[in-house]
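Structural overview
Residue-level listing of the chains:
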Amino acid sequence: MKIRPVAYWVATALTALAFLSGGATDLARPAVLMEGMNKLGYPPYFVLILGVWKILGGIVVLTPGTPRLKEWAYAGMVFDLTGAAASHAAVGDPVGKIVTPLIICGIVMVSWALRPASRKLGDVRIEPTLQEESLVTSR
């Protein structure tokens, strides 16, 4: 058994679980979550936006194909988690509330780094414009 695919799937499953469950919790809007968001200074509607995007991100990292969408999902997860850590630090929350999103962010980054070639965005080739082609051929 190769360790890389196993580590990828463990990290990806944990990532998806964190975002799917977190998104569902955001959409349910329990009182304790709303109090926490209020303490952080975020408006109530922001929880709904985060919930939808978290669920979509959790689905995308599990779905085969769509490598460009996966890149966006992973980036959004890193933005969400580092933003959460910064928000908790800004209001003076305990270290645990600051470190927890950073640990999850580390797991997300492991999932991203270990993903197989079939789930990576390939080389992006930009075709030269006509003007650039004429400059090359006229030399």
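Refer to the structure printed above.
This one's a predicted model, so the numbers in the text were calculated from it and none came from an experiment.

**A word on the pattern of salt bridges**
- Counted by the stated rule, this structure contains three salt bridges.
- Lys54 serves as the salt-bridge partner of Asp26, at 2.9 Å between the closest nitrogen and oxygen. In this pair, Asp26 is assigned in helix H1 (residues 3-28) and Lys54 in helix H3 (residues 44-62), connecting sequence segments 28 residues apart. No difference in accessibility class separates Asp26 from Lys54, as the two residues are buried.
- Close ionic contact of Asp93 with Lys39 constitutes a salt bridge, the shortest N to O distance being 2.4 Å. Here Asp93, found in the loop between helix H4 (67-90) and helix H5 (95-114), pairs with Lys39, found in helix H2 (residues 31-40); they are 54 residues apart in sequence, far enough to count as distant.
- Judged by relative accessible area, Asp93 falls into the buried class, the value being 7%.

**So, the nonpolar core**
- Counting 11 residues, the largest nonpolar core is built from Tyr8, Ala16, Phe19, Val60, Val61, Ala73, Tyr74, Met77, Leu81, Cys105 and Val108.
- Secondary structure elements with two or more residues in this core: H1, H3, H4 and H5.
- Tallying contributions element by element places H4 first for this core, with four residues.
- Beyond its immediate sequence surroundings of up to four residues, Ala73 is in contact with Gly57, Val60 and Val61.
- Judged by nonpolar contacts, the second largest core, of six residues, contains Leu33, Met37, Leu40 and Val47.

**Some words on H4**
- Under the 1.5 Å per step criterion, the end-to-end length of H4 is 34 Å for 24 residues, consistent within 8% with the ideal 34 Å.
- Looking at H4, one finds that the buried residues are Lys70, Ala73, Tyr74, Met77, Asp80, Leu81, Ala85, Ser87 and His88.

**Some words on the packing of aromatic side chains**
- All chains considered together, the criterion is met by two aromatic pairs.
- Look at Tyr8 and Trp9: their rings are 4.9 Å apart centre to centre, the planes differ by 70 degrees, and that puts the pair in the edge-to-face class.
- Residue Trp9 is classed as partly exposed on the basis of its relative accessible area, which comes to 41%.

What counts as what
Residues numbered from 1 in each chain as written. Predicted model: local features only at pLDDT ≥ 70, side-chain atom pairs only at ≥ 80, totals over all residues. Heavy atoms only, no water. Salt bridge = Lys/Arg side-chain N within 4 Å of Asp/Glu carboxyl O. Helix = DSSP H or I, 4+ residues; strand = E, 2+ residues; numbered from the N terminus. Buried < 20%, exposed > 50% of the residue type's maximum accessible area, 1.4 Å probe, protein only. Core = buried A, V, L, I, M, F, W, Y, C linked by side-chain atoms within 4.5 Å. Contact = heavy atoms within 4.5 Å. Expected span 1.5 Å × (residues − 1). Phe/Tyr/Trp six-rings, centres within 6.5 Å; stacked < 30°, edge-to-face > 60°.

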